[in-house]
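Here's the letter readout for the chains.
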Amino acid sequence: MAELLFDTYGVPSIAYGVDAAFSYKYNEHHGVCNKDGLAICPGFMTTHVIPFIDGEPEYKGCCRTNIGGYHITDYLKQLMSLKYPHHMARFTWEKVEDLKMEHCYIAQEYMPEALLFQNRTKEAEDKTRSWQLPWVPPPTEEPPSEEEIARKAAIKEKQGQRLREMAEAKRSSRINELENDSHGLEFLLKQLEQVEEHDIRSFLSATGYISRKEVESALAKVTQSLLKAKGEQAEYEEKPDAERFHLLNKPDNECTPEELKMKKRQVFLKSTSEGRQRAKQKRHEEELEREKKNQQDEQRRLKNPELYKEQLLAKYKDLSEKVEQRKRLKTNGGQTNGNNNSGNVGRGERLNAAQRERMRLLTTAAFDRGKGEDTFGARDEDWQLYKLMSKDNDDDDETPDADEAELARLTSRLREVDPTFVPRSDNGNSQSVEAPRSRPLTEEDFRIDFGVERYRCPEILFCPNWIGIDQAGLDEMAGVSLRRLPSKDTKLEEKLTSSIFLTGGSSLFPGMSERLEAGVRMITPCGSPIRVVKALNATLDAWRGASAYAASPQFPAQTFSRKDYYEKGEEIVRGHQFRYHAL
């Protein structure tokens, strides 16, 4: 600091001092404290304890801890941010500093004070302070009037009419486009009737088609699309299977290579067509069965509603437990294969007979692949093998689907019968937790309450280890300072404890003097006189003391000049930096 002041700024002379010493000497001059005493200064970043003997500071007995008002503010900011995470932007450093100085206090005994708030007593409610954030009540929505409902219905109808007109225009455009394509293909077929068979390919080269059959197929597709667009699908008749799959009954040795490829494709198309027909028929039967069950359920419900509801609940409970047990077996496994080592069996170890057979067929097909030409599907037996390999024939997988469908039907039915019914969650808990619903914010949501934070944050001055600083508290620092004095004089210690002087911004908390007096009494001999006094102005007395020191006639003699610094070097600062403190 001296080097910076002399070399950079050209200061003519410097005198150093300690803020706590300046404040102590200023208050001693006004009769607040004695010549012998302890100056305790909890400042912004640090806390100092300086013993004074005959009005002079005894720096060998000083002690310091790295905790102060900064740490209290930061601790309060953390606690309030955790308590009200939605209002973190409100807890600026300046605002938290104001809240600390306005609401925090020192508890005389921490644990009894904490029990008051833990038990939520009337005294704790009286000690709780609130900070109301700006809040504007949301506007109340009134139900729409009949005129407003009619106006919205008219607008909705107008929009629907416009969409219908647009859809009709698009449909008409599509029909015109398909009709033009149909007329063009019909005209092309008429031209092909006049062309020789060997000239058809060259004649169709400019059209993108290669044969008459391809043109006829394109015309059939366009015709089908046109009928569908006009809503006349029922008039369109598909060709019978005998014409669509005419190669299936023809032996392979009588087919050309192209016909063999076409036959293979027709086998696949026929299988998929039959599968779709079976699925459609199955869905139709399931729908009829569902309607029949619903009618029977409705009759039973009208006959005895309470009994019907109890039966539904019992059936729902049994079926849900069955489905959940099956899901647990699929995911976690069980001791069903005789392996008792871990109790967890993978699904591969619990395959049934149909699944094991399918795995064997898949393995065989994969092993045979690559041994020459791949001819799978050329024979009817291959398609039978394909059906066996399909998962649709796995009865074990169909049962859970049926059970789950029945469970969904029961759930829907119970919701219709009992509006208060809550289905089970996926994890099997009967008491499912509903999704949180948003609610309108109220004035209480914008109210910040200060309860335990009021005394918990300043408590770190006495318990720094709460925030990870392994050092002594204020009362312990007084004892450390007394033990560091060169002379072990009991009368001197009594003089010092009878004039404990508090200064610094963090000494302004209510209850600080009483708490410090009680703490010092615990570490001093019984009957020792203890008196704690506060500075006239804990924040400005250090400056006022330094101002009086600078204005005193002996001040120039207690400074060292730039000439002294250049002649003697920095050792002059090290040897005399604590001398220049007295008024």
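Just so we're clear, the structure is a prediction, and the values are computed from it rather than from any experiment.

**Some points on the overall build of the protein chain**
Each helix and strand counted, the protein chain has 22 helices and ten strands in total. By the burial criterion, 32% of the 583 residues in the protein chain qualify as buried. Summarising the internal contacts of the protein chain: among those between residues at least 6 apart in sequence, 66% fall at separations of at least 24. Total accessible area computed for the protein chain in this model is approximately 38,800 Å², and 51% of it derives from carbon and sulfur atoms.

**Notes on helix 3 (residues 69-83)**
Over its 15 residues, helix 3 extends 21 Å from the first C-alpha to the last, a length consistent with the 21 Å expected when each residue adds 1.5 Å. Along helix 3, the residues classified as buried are G69, H71, I72, T73, Y75, L76, L79, M80 and S81. Buried residues belonging to helix 3 abut helix 4 (93-103), strand 7 (447-450) and helix 16 (453-456).

**Digging into helix 5 (residues 110-118)**
In an α-helix, one turn spans 3.6 residues; hence positions three or four apart end up facing the same way. All of the buried residues in helix 5 are Y110, E113, A114, L116 and F117. The arc that holds every buried residue of helix 5, seen down its axis, measures 150°, which confines them to one face. Exposed residues on helix 5 whose side chains face more than 90 degrees from its buried face are M111 and Q118. The secondary structure elements touched by the buried residues of helix 5 are helix 6 (122-127) and helix 16. Positive backbone phi, at 55°, marks R120, one or two positions downstream of helix 5.

**What to know about the packing of aromatic side chains**
A full pass over the atoms with the stated rule returns 16 aromatic pairs. By way of ring pairs, the aromatic residues F6, Y16, F560, Y565 and Y566 are connected into one cluster.

**Looking at the packing of helix 3 against helix 4**
Each pair of packed helices can be summarised by the angle the axes make with each other and by the distance between the axes. Where helix 3 contacts helix 4, the axes come no closer than 9 Å and their chain directions differ by 105°. As summarised for this structure, helix 3 and helix 4 are arranged roughly perpendicular, according to the angle between their axes. Contacts from G69, Y70, I72, T73, D74, L76 and K77 in helix 3 reach W93, V96, E97 and K100 in helix 4. Its residues placed into classes, the contact of helix 3 with helix 4 shows five nonpolar, two polar and four charged.

**Details of the confidence of the model for the protein chain**
Parts of the model with low pLDDT should not have their predicted coordinates read in detail. When pLDDT is averaged across the protein chain, the result is 82; 83% of the residues are at 70 or more. Note on residues 233-237: pLDDT is under 50 here. Beyond four places in sequence and across chains, it has five contacts. Within the model, pLDDT remains below 50 along residues 426-435, and this stretch shows eight contacts once partners closer than five positions in the same chain are excluded.

**So, the pairing of strand 2 (residues 37-42)**
For a regular strand, side chains alternate in direction, first toward one face of the sheet and then toward the other. Counting buried residues along strand 2, six of its six residues qualify, which places the element largely inside the surrounding structure. Here strand 2 shows a buried face lined by G37, A39 and C41 and a second buried face lined by L38, I40 and P42. Here strand 2 pairs with strand 3 (residues 47-53) via six bridges, running antiparallel. Residue I40 lies in a different strand from strand 3, and its bridge partner there is V49.

**Some remarks on the pattern of salt bridges**
This structure, assessed with the given rule, holds 26 salt bridges. Here K25 ties to E28 by a salt bridge, and the two come within 3.3 Å at their closest N and O atoms. Of this pair, K25 and E28 are both found in helix 2 (residues 19-29), three residues apart, which corresponds to roughly one turn of the helix. For K25, a relative accessible area of 12% gives the class buried.

**Here we look at the nonpolar core**
Ranked by size, the top nonpolar core spans 41 residues in total, and within it I448, L474 and L516 carry the most contacts. In terms of residue count, the dominant contributor to this core is helix 3 (five residues). If we ignore the near neighbours within four places in the chain, the residues touching L516 are I40, F462, L474, D475, I500, L502 and V532. Core analysis: the second largest hydrophobic core is formed by 15 residues, L185, V215, L219 and V222 among them.

**Some points on the packing of helix 7 (residues 146-192) against helix 9 (residues 212-230)**
One can describe the packing of helix 7 onto helix 9 by two numbers: an axis separation of 9 Å at closest approach and a directional angle of 155°. Considering their axes alone, helix 7 and helix 9 lie roughly antiparallel with respect to each other. Note on packing geometry: the crossing formed by helix 7 with helix 9 is left-handed. Counting all contacts with helix 7, which are made through R171, I175, L178, E179, D181, S182, L185, E186, L188, L189 and L192, the residues of helix 9 involved are R212, V215, E216, A218, L219, V222, S225, L226, A229 and K230.

**Focus: unusual backbone geometry**
A positive phi angle is found at D54, which is not glycine, with a value near 55°. Structurally, D54 can be placed in the loop between strand 3 and strand 4 (56-57). On the accessibility criterion, D54 (58% relative accessible area) is exposed. In the Ramachandran plot, R120 falls in the positive-phi region, its phi being about 55° despite a non-glycine side chain. Its location among the elements puts R120 in the loop between helix 5 and helix 6.

**Thoughts on the side chain of T411**
If you trace the backbone, T411 turns up in helix 15 (residues 395-417). For T411, a relative accessible area of 12% puts it in the buried group. Separated by 2.8 Å, the side chain of T411 and the backbone oxygen of L407 make a polar contact. Other than its neighbours up to four places away in sequence, T411 contacts Y316, F421 and P423.

**Overview of the pairing of strand 3**
Where burial is concerned, most of strand 3 is hidden: five out of the seven residues are buried. Count of turn residues in the strand 2/strand 3 antiparallel hairpin: four residues. Examined bridge by bridge, strand 3 and strand 5 (residues 63-65) share three bridges and lie antiparallel to one another. What sits directly across from V49, in strand 5, is C63. The pairing of strand 3 with strand 4 spans two bridges and is antiparallel. In the sheet register, F52 faces strand 4, and the bridge partner there is P57. A loop of two residues connects strand 3 with strand 4, the two strands running antiparallel in sequence, and D54 in this loop sits at a positive phi of about 55°.

**Things to note about the environment of N34**
Relative to the assigned elements, N34 resides in the loop between helix 2 and strand 2. Take N34: its relative accessible area is 36%, and that puts it in the partly exposed class. For N34 and F501, which are 467 residues apart along the polypeptide, the C-alpha to C-alpha distance reads 9.1 Å. Setting aside anything within four residues of it in sequence, one finds N34 in contact with Y24, E28, S498, S499 and R531.

**Quick look at the side chain of T559**
Residue placement: T559 occurs in the loop between helix 20 (541-551) and strand 10 (560-561). A relative accessible area of 15% means that T559 is categorised as buried. At 2.9 Å, the side chain of T559 forms a polar contact with the backbone oxygen of P556.

Scoring rules and cut-offs
Residue positions are counted from 1 within each chain, in the order its sequence is given. With the structure being a predicted model, the display of local features is reserved for residues of pLDDT at least 70 and the display and counting of side-chain atom pairs for 80 or more, all residues being used for whole-chain, interface and lining totals. Note: side-chain values were computed over all heavy atoms of the structure, leaving out hydrogens and water. Helix and strand definitions follow DSSP, with helices as H or I runs of at least four residues and strands as E runs of at least two, each counted in order from the N terminus. Here the term buried applies to any residue with accessible area under 20% of the maximum for its type, exposed to any over 50%, and partly exposed to those in between, with areas from a 1.4 Å probe on protein chains only. Contacts: residue pairs with any heavy atoms within 4.5 Å of one another. Per-residue and other accessible areas follow the Shrake-Rupley method at a 1.4 Å probe size, with only the shown protein chains counted as cover for residues. An expected span of 1.5 Å times one less than the residue number is assigned to each helix. This arc is built from the directions going out from the helix axis to the C-beta atoms. Within 6.5 Å between ring centres, the rings of Phe, Tyr and Trp (the latter by its six-membered ring) count as paired, and their orientation is classed by plane angle as stacked under 30 degrees, edge-to-face over 60, tilted in between. Note on geometry: axes are C-alpha line fits, over the in-contact stretch for helices, and angles between N-to-C directions span 0 to 180 degrees. Orientation categories follow fixed angle ranges, with anything under 35 degrees roughly parallel, anything over 145 roughly antiparallel, 65 to 115 roughly perpendicular, and all other angles oblique. Classification convention: Asp, Glu, Lys, Arg as charged; Ala, Val, Leu, Ile, Met, Phe, Trp, Tyr, Cys, Pro as nonpolar; all other residues, Gly among them, as polar. The pLDDT score gives, residue by residue, the confidence of the prediction method on a 0 to 100 scale. We treat two strands as partners when DSSP finds at least two bridges between them. We count a salt bridge whenever a side-chain nitrogen from Lys or Arg sits within 4 Å of a carboxyl oxygen from Asp or Glu. For this analysis, a nonpolar core means a set of buried residues of the types Ala, Val, Leu, Ile, Met, Phe, Trp, Tyr and Cys, connected via side-chain atoms within 4.5 Å. Left-handed describes a crossing whose near helix is turned anticlockwise from the far helix by less than a right angle; the clockwise case is right-handed. Two N or O atoms count as a polar contact when they lie within 3.5 Å, although within protein this holds only if one can serve as hydrogen donor and the other as acceptor, and sequence-adjacent residues are included solely when both atoms are side-chain atoms.

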